[in-house]
Amino acid sequence: MAEQEDQRGGDGGPINLWVADPGFETDPRIVEAFDYAVRRGCTHYFPAAGFDEFALPKAVAKYYLDGFGANLDPLGEVSATHGAQEALSLSIQACTRPGDEIIVPEPTYSVLIEKLEIFGVKPVFVSLMEEDSWRLDPGAIASAVTDKTRMIFVCNPNNPTGTVCSREDMDALAAILRANRGVSMLLDECYARILYDGGAHRTLLGERELMDQLFVVGSFSKAYAMTGWRLGYVVAGKKNTERIKRLSFEYNGGVSYAVQYAGAVALGECSDFVERMVGELTRRRRAMLAGLSELRDVPCVVPQAGFEVFPDFSAYSRNSKALVAALEKEARVKTMPGVEYGPSGEGHIRLVFCSEDSERISEGISRIGRCLPPRRS
Ligand SMILES: Cc1ncc(COP(=O)(O)O)c(C=O)c1O
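Residues numbered from 1 in each chain as written. Predicted model: local features only at pLDDT ≥ 70, side-chain atom pairs only at ≥ 80, totals over all residues.

## Observations regarding the pairing of strand β3 (residues 101–106)
Extensive coverage of β3 is indicated by the burial of 6 of its 6 residues. In this fold, β3 hands off to helix α5 (residues 110–119), which returns the chain to strand β4 (residues 122–127); that crossover is right-handed. Here β3 pairs with strand β5 (residues 149–155) via 3 bridges, running parallel. When the sheet's bridge partners are listed, Ile-102 is paired in β5 with Met-151. (Buried ≥ 20, exposed ≤ 12 C-beta atoms within 10 Å, placed from the backbone. Helix = DSSP H or I, 4+ residues; strand = E, 2+ residues; numbered from the N terminus. Right-handed = clockwise from strand over helix to strand, strands pointing away. Pairing = 2+ DSSP bridges.)

Spelled out as structure tokens, the structure:
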């Protein structure tokens, strides 16, 4: 598996435990598929002769059929998007108006919280409990539903905690949707293929009668090391898909067919790439957790998925932004402040283990250990 060329300079530069961009090259089969599509004429508004306009939606539908027994209509229920970023934005815009409420179990994906601010949609935070391994709390979500609730956001697997919803959690979420037909669910499944310790991902897409309430978002960035390709998708009911496609067309006129073709090859032919990457990530996760276990009073829930950990540094500081700034300056380790992921994240720091190799991860954690402020009394 090819690693990206080291561009950090002689002293190795700051250690990057900050940005969730896999430090691996995209599989050559995916690059070749793109190259092939461009050379064969996928350089116009419409795909070249011989290329299926719906190659990517069909590959996404097949992925959900093979993996989860979900029967999707690729033409009417799947939209290609510019990364999951755009898929999340379009879903929120298709479903909400300014002033609506969206229930957000947190800590959760920080950019989602930023999007709500931009769209004028009010987040109603439901705190997850670290003592409960940050597990989703469907009971608390159900209690938070009001007349103003238009959506519930669930990041599964969760960034930054690495928690994966159990079958019971998913059943409980489905029950909430059945009891509240005016409420939709935005399910972020970007980390669905990066699972550890034999874990399993579950989706609600098999529940046909919930289809009009679902927006299920996926990404090629993480599992296929394709962050720069900007490719994702959203699966939704037919009416919502029409809205999403309309919005997408108005924003950017759709996603490049050559990129979509490359994504279809990734989904259809490159599972072995994902498996090898998860193998290497498993080693890096071990290095990260071993390093953290050496630090005094820094508890950390073991992530079941993704490539982030979310340790609690509150024994040292309750101000995660100040702590992150100090660690970057003094330890030369870049990290993310936990408060960005919601109020319950304060006192925590998000560390990623996908960008640097195991040795640099261990070195990064040792440096953090050496530069921590005195413990609070
Ligand atoms: C949970 C989650 N959702 C969505 C995204 C955005 O992914 P993309 O690169 O496909 O826009 C990320 C990227 O960090 C993420 O962690």
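## Observations concerning the site of the ligand
As a matter of local geometry, the ligand sits amid 13 residues, with Gly-83, Ala-84, Gln-85, Ser-219 and Ser-221 nearest to it. When its residues are assigned to classes, the shell around the ligand shows 5 nonpolar, 7 polar and 1 charged. (Near = placed C-beta within 6 Å. Nonpolar A, V, L, I, M, F, W, Y, C, P; charged D, E, K, R; others polar.)

## Some remarks on the sheet that holds strand β2 (residues 78–81)
The mixed open sheet is built from 7 strands, whose spatial order is β2-β8-β7-β6-β5-β3-β4. Every other strand in the sheet has two partners, leaving β2 and β4 as the edge strands with one partner each. Going across the sheet, the axis of each strand differs from the next one's by a mean of 20°, ignoring polarity. Across the sheet, helix α2 (residues 55–68) touches β2 and β8 (232–236), and the angle it forms with β2 is around 120°. (Axes fitted to C-alpha atoms, helices over the stretch in contact; angles between N-to-C directions. Contact = placed C-beta atoms within 7 Å.)

## Digging into unusual backbone geometry
In the segment running from Glu-106 into Pro-107, the intervening peptide bond is cis, with an omega of 10°. Following Asn-156, the chain continues into Pro-157 via a peptide bond in cis, with omega recorded as -5°. Looking at the secondary structure, you find Pro-157 in the loop between β5 and α7 (167–179). Phi angles above zero are rare outside glycine, and Asp-297 is one such case at about 60°. Its place among the elements puts Asp-297 in the loop between α10 (271–293) and β9 (308–309). Positive phi values are uncommon outside glycine, yet Arg-332 reaches one of about 55°. Looking at the secondary structure, you find Arg-332 in the loop between α11 (320–331) and β10 (333–334). By the C-beta count within 10 Å, which is 15 here, Arg-332 ends up partly exposed.

## Observations concerning the sheet that holds strand β11 (residues 336–337)
In a beta sheet, neighbouring strands are held together by backbone hydrogen bonds and run either parallel or antiparallel to one another. Taken in spatial order, the 3 strands make up an open sheet running β9-β12-β11, and their pairing is antiparallel. Sheet topology places β9 and β11 at the edges, where each strand pairs with a single neighbour. Judged from the 2 bridges that link them, β9 and strand β12 (residues 349–352) form a sheet pairing that is antiparallel. Within β12, the position partnered with Glu-308 by the bridge is Val-352.

## Quick word on the nonpolar core
By size, the foremost hydrophobic cluster in this structure holds 108 residues, and its most contacted members are Phe-153, Val-217, Val-234, Tyr-261 and Ala-262. Sort the elements by how many residues they give to this core and helix α9 (residues 257–269) lands first, with 9 residues. Counting the residues that make up this core, at least three belong to each of domain 1 (15–26 + 272–371) and domain 2 (28–269). Excluding residues within four positions of it along the chain, Val-234 makes contact with Ser-79, Thr-81, Ala-87, Leu-90, Ser-91, Phe-215, Val-216, Val-217 and Ile-244. (Core = buried A, V, L, I, M, F, W, Y, C linked by C-beta atoms within 7 Å. Domains from an automatic or database assignment.)

## What to know about the packing of helix α4 (residues 83–95) against α5
For the pair α4 and α5, interaxial distance at closest approach is 11 Å and the crossing angle is 40°. Here α4 lies oblique to α5, going by the angle between them. The two elements α4 and α5 meet at a crossing, and its hand is right-handed. Residues Gln-85, Leu-88, Ser-89, Ile-92 and Gln-93 of α4 lie in contact with α5, whose contacting residues are Val-111, Leu-112, Lys-115 and Phe-119. (Parallel < 35°, antiparallel > 145°, perpendicular 65-115°, else oblique. Left-handed = near helix turned anticlockwise from the far one by under 90°.)

## Here's the deal with the packing of helix α1 (residues 28–39) against α9
Where α1 contacts α9, the axes come no closer than 8 Å and their chain directions differ by 145°. Judged by the sense of rotation from one axis to the other, the crossing of α1 with α9 is right-handed. Contacts between α1 and α9 involve Arg-29, Ile-30, Ala-33, Phe-34, Ala-37 and Val-38 from the first element and Tyr-257, Ala-258, Val-259, Tyr-261, Ala-262, Val-265, Ala-266 and Glu-269 from the second. A class-by-class count of the residues in the contact of α1 with α9 yields 12 nonpolar, no polar and 2 charged.

## Some details on α10
The end-to-end C-alpha distance of α10, which contains 23 residues, comes to 32 Å, matching closely the 33 Å that a straight helix rising 1.5 Å per residue would cover. Where α10 is concerned, the buried positions are Phe-273, Met-277, Arg-284, Arg-285, Ala-287, Met-288 and Gly-291. Looking at the packing, one finds that the buried side of α10 touches β9, β12 and α12 (358–371). (Expected span 1.5 Å × (residues − 1).)

## Comments concerning the confidence of the model for the chain
Per-residue confidence for the chain gives a mean pLDDT of 96, with 97% of residues at or over 70. Note that pLDDT drops below 50 for residues 6–10; the model gives that stretch 1 contact with residues more than four away or on any other chain. (pLDDT = per-residue confidence, 0-100.)

## Some thoughts on the domain arrangement of the chain
Domain boundaries in the chain define domain 1 (15–26 + 272–371) and domain 2 (28–269). Computed over C-alpha atoms, the centres of domain 1 and domain 2 are 25 Å apart. At the junction of the two partners, domain 1 supplies 31 residues and domain 2 supplies 33 residues. Going through the elements one at a time, α10 and β9 are the ones with two or more residues in the side of domain 1 that touches domain 2. Here the residues of the side of domain 1 that touches domain 2 sort into 16 nonpolar, 8 polar and 7 charged.

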